[in-house]
Amino acid sequence: MGKIQMTTPIVEMDGDEMTRVLWQLIKDKLILPYVDLKSEYYDLGLKHRDETDDQVTVDSANATLKYGVAVKCATITPNDERVKEYSLKKMYKSPNGTIRAILDGTVFRTPIMVKGIEPNVRTWESPITLARHAYGDVYKNVEIRVPGPGKAELVFTGADGTEIRETIHEFTEPGIIQGMHNKDASIESFARACFKYALSEKKELWLGTKDTISKTYDRRFRDIFDEIYEKEFKEDFEKAGITYFYTLIDDAVARVMKSKGGFIWACKNYDGDVMSDMVSSAFGSLAMMTSVLVSPSGVYEYEAAHGTVQRHYYKYLKGEPTSTNPVATIFAWTGALRKRGELDNIKELMEFADKLEKATLSVIESGRMTGDLALITSLPNPVKLGSEEFLDAIAAELETI
Ligand code: NAD
């Protein structure tokens, strides 16, 4: 049988360390034998980012805007140590941050569920996708430590000089104050990305804020979501048989814990930060979490939620065997291939993505898995495989499907 043909290239963003090693193996063993892969390749490995003064990151994001679908390997975000280790010209910004800013996107993280790795929350039967609004609030705040008695005020001076002024607190003693902001445009983009992704995944969308207490700030999130839903998405949601649901954040948390899962949970920046760690650890493992960046215009960039697995890479460099989990990176590829197939109407490509995911999960369910999963599985006598052996087992399984 001939290989599956593609019409539009996928933007391929290569990365660093252990995930870069896995990247090539995944392509060689699981994708290239079956798909006549059309990809536009960008090397986001730290060395090449340095050689191009990080232009390659910008170019890869622009290519994603052009073609609509990208797949990204984990990359190093440089810190002081990395600047020394790689003799960098400067401390480049996080590639994910750069790409997110260009795509104006929202990140959706979804756990990969498999028999044998049970979520800590008994009722969760389907994955919960977490969408975090990654702009503003406490992450772009200003704070003052109040030294003693005095009046704290919130002042807005309009471009025309008009002033709006509110008293925050009349201090009689030392304390603290904080100023935060957000922008309508950013919340609107977040809302559109959430509605688009819910439609694309045919899943319910939940939003929770504290609008009973924060009657202007949090209320603005609720109002923007409501307006955009009514005007732009209600009809399509009804056709798709899905719903948009707003509730208070505390009620949302209570419902999440008792839910069966299977929905998308849109969170404000801080809630998303905290809740994504709760959801991912309760589902089992960071190595089983996928991540997709969705722009409000409907552009998709798929990746694993974890980093470059540095510790394993240093072992690999010493020639020691490693058992790094490639599942989330495989699912980044299947996500991108499926979406490309959907957009270009290539049924075989979508079916291939399904088969590769099925083969991957079957191997785990048969009791063969990487070390991180062997530690937490409920299956009896798991067999721990090295990264490459695990990929070979998936390749063999793929032949039988
Ligand atoms: P990491 O995700 O690489 O590792 C965190 C922990 O989880 C480690 O103990 C690791 O052994 C384990 N782990 C993660 N993925 C695993 C896998 N697939 N198989 C087995 N174990 C796994 O995060 P880190 O160590 O904090 O960061 C390493 C590098 O990754 C840093 O340079 C950081 O900048 C980068 N990073 C990149 C991204 C991204 O590109 N999306 C995300 C996070 C971190």
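A quick note: this is a predicted structure, and the numbers were derived from the prediction, not measured. (Residues numbered from 1 in each chain as written. Predicted model: local features only at pLDDT ≥ 70, side-chain atom pairs only at ≥ 80, totals over all residues. Heavy atoms only, no water.)

**Q** How would you summarise the packing of aromatic side chains if you had to cite specific residues and measurements?
**A** As enumerated under the stated definition, the model contains 19 aromatic pairs in all. Each ring, one from F108 and one from Y197, has its centre 4.3 Å from the other, and the planes form 35°; the classification is tilted. In this pair, F108 is assigned in strand β6 (residues 106-111) and Y197 in helix α6 (residues 184-201), connecting sequence segments 89 residues apart. The aromatic ring of F221 is capped on one face by K268, whose charged end is 5.2 Å from the ring centroid. The ring of Y300 has K339 sitting right over it, with the charged end atom 4.2 Å from the ring centre. (Phe/Tyr/Trp six-rings, centres within 6.5 Å; stacked < 30°, edge-to-face > 60°. Helix = DSSP H or I, 4+ residues; strand = E, 2+ residues; numbered from the N terminus. Lys NZ or Arg CZ within 6 Å of the ring centre and 35° of its normal.)

**Q** Give a detailed account of the environment of K203, specifying residues and quantitative values.
**A** Relative to the helices and strands, K203 is located in the loop between α6 and β12 (205-209). Residue class for K203 comes out buried when judged on its relative accessible area of 16%. With 37 residues separating them along the chain, K203 and A240 place their C-alpha atoms 9.0 Å apart. Leave out the neighbours within four places in its chain, and K203 touches T129, A198, I242, G262, F263 and I264. (Buried < 20%, exposed > 50% of the residue type's maximum accessible area, 1.4 Å probe, protein only. Contact = heavy atoms within 4.5 Å.)

**Q** Kindly report on helix α8 (residues 249-258), identifying the contributing residues and their values.
**A** Note: α-helices contain 3.6 residues per turn, so residues at a spacing of three or four share the same orientation. Taken together, the buried positions of α8 are occupied by I249, A252 and V256. With its buried residues spanning 50° around the axis, α8 presents them on a single face. Summarising the contacts, the buried residues of α8 are in contact with β12, β13 (244-248), β14 (264-267) and α9 (269-283). (Arc of directions from axis to C-beta.)

**Q** A description of the site of the ligand should follow, citing residues and the corresponding values.
**A** Looking at the ligand, there are 19 residues lining it, with T75, T77, G307, V309 and N325 nearest. In this structure, an oxygen atom belonging to the ligand sits 3.0 Å away from a side-chain N or O atom of R82. Here the ligand, which alone exposes 800 Å², has 69% of that area covered by the protein. For the shell around the ligand, the class distribution of residues is five nonpolar, nine polar and five charged. (Near = heavy atom within 4 Å. Polar contact = N/O pair within 3.5 Å; in protein donor to acceptor, adjacent residues only side chain to side chain. Areas by Shrake-Rupley, 256 points an atom, 1.4 Å probe, with all protein chains shown as cover. Nonpolar A, V, L, I, M, F, W, Y, C, P; charged D, E, K, R; others polar.)

**Q** Describe in detail the pairing of strand β7 (residues 129-132), supporting the description with residues and values.
**A** Relative to β7, β6 runs antiparallel, the two sharing three bridges. Residue pairing in the sheet places R109 in a bridge with L130 of β7. Of the strand pairs in this sheet, β7 and β14 are connected by four bridges, and their pairing is parallel. Residue pairing in the sheet places L130 in a bridge with W265 of β14. (Pairing = 2+ DSSP bridges.)

**Q** For helix α3 (residues 55-67), give the residues involved together with the corresponding values.
**A** End to end, α3 covers 18 Å across 13 residues, agreeing with the expected 18 Å (1.5 Å per residue, within 8%). Among all positions of α3, only V56, T57, S60, A61, A63, T64 and Y67 are buried. Along α3, the residues classed as buried sweep out an arc of 160° about the axis, all on the same side. Positive phi shows up at G68, right after α3, with a value of about 100°. (Expected span 1.5 Å × (residues − 1).)

**Q** Break down unusual backbone geometry for me, citing the residues and quoting the values.
**A** Trans is the common state for peptide bonds, and a negative phi is the common state for residues other than glycine. Unusually for a residue other than glycine, D53 sits at a positive phi of about 50°. Position of D53 relative to the elements: it lies in the loop between α2 (46-51) and α3. Of note in this structure, D104 is not a glycine but carries a positive phi near 55°. One can find D104 in the loop between α5 (95-103) and β6.

**Q** Provide a residue-level description of the UniProt feature "domain: Isopropylmalate dehydrogenase-like" (unreviewed entry) in the protein chain, including the pertinent values.
**A** UniProt records the feature "domain: Isopropylmalate dehydrogenase-like" (unreviewed entry) at residues 9-394, using the numbering of this structure. Strand forms 21% of residues 9-394 and helix 45%; the C-alpha atoms that close the span are 25 Å apart. (UniProt positions renumbered as here; feature names shortened; annotations may be inferred.)

**Q** Lay out the packing of helix α11 (residues 327-344) against helix α12 (residues 347-365) with the relevant residues and their values.
**A** As a packed pair, α11 and α12 sit with axes 7 Å apart at the nearest point and diverge in direction by 160°. Relative to α12, the element α11 lies roughly antiparallel. Our pair here, α11 against α12, has a crossing hand that is left-handed. Here V327, I330, F331, T334, G335, L337, R338, R340, G341 and E342 of α11 lie close against α12, whose contacting residues are L349, M350, F352, A353, D354, L356, E357, T360, L361 and I364. (Axes fitted to C-alpha atoms, helices over the stretch in contact; angles between N-to-C directions. Parallel < 35°, antiparallel > 145°, perpendicular 65-115°, else oblique. Left-handed = near helix turned anticlockwise from the far one by under 90°.)

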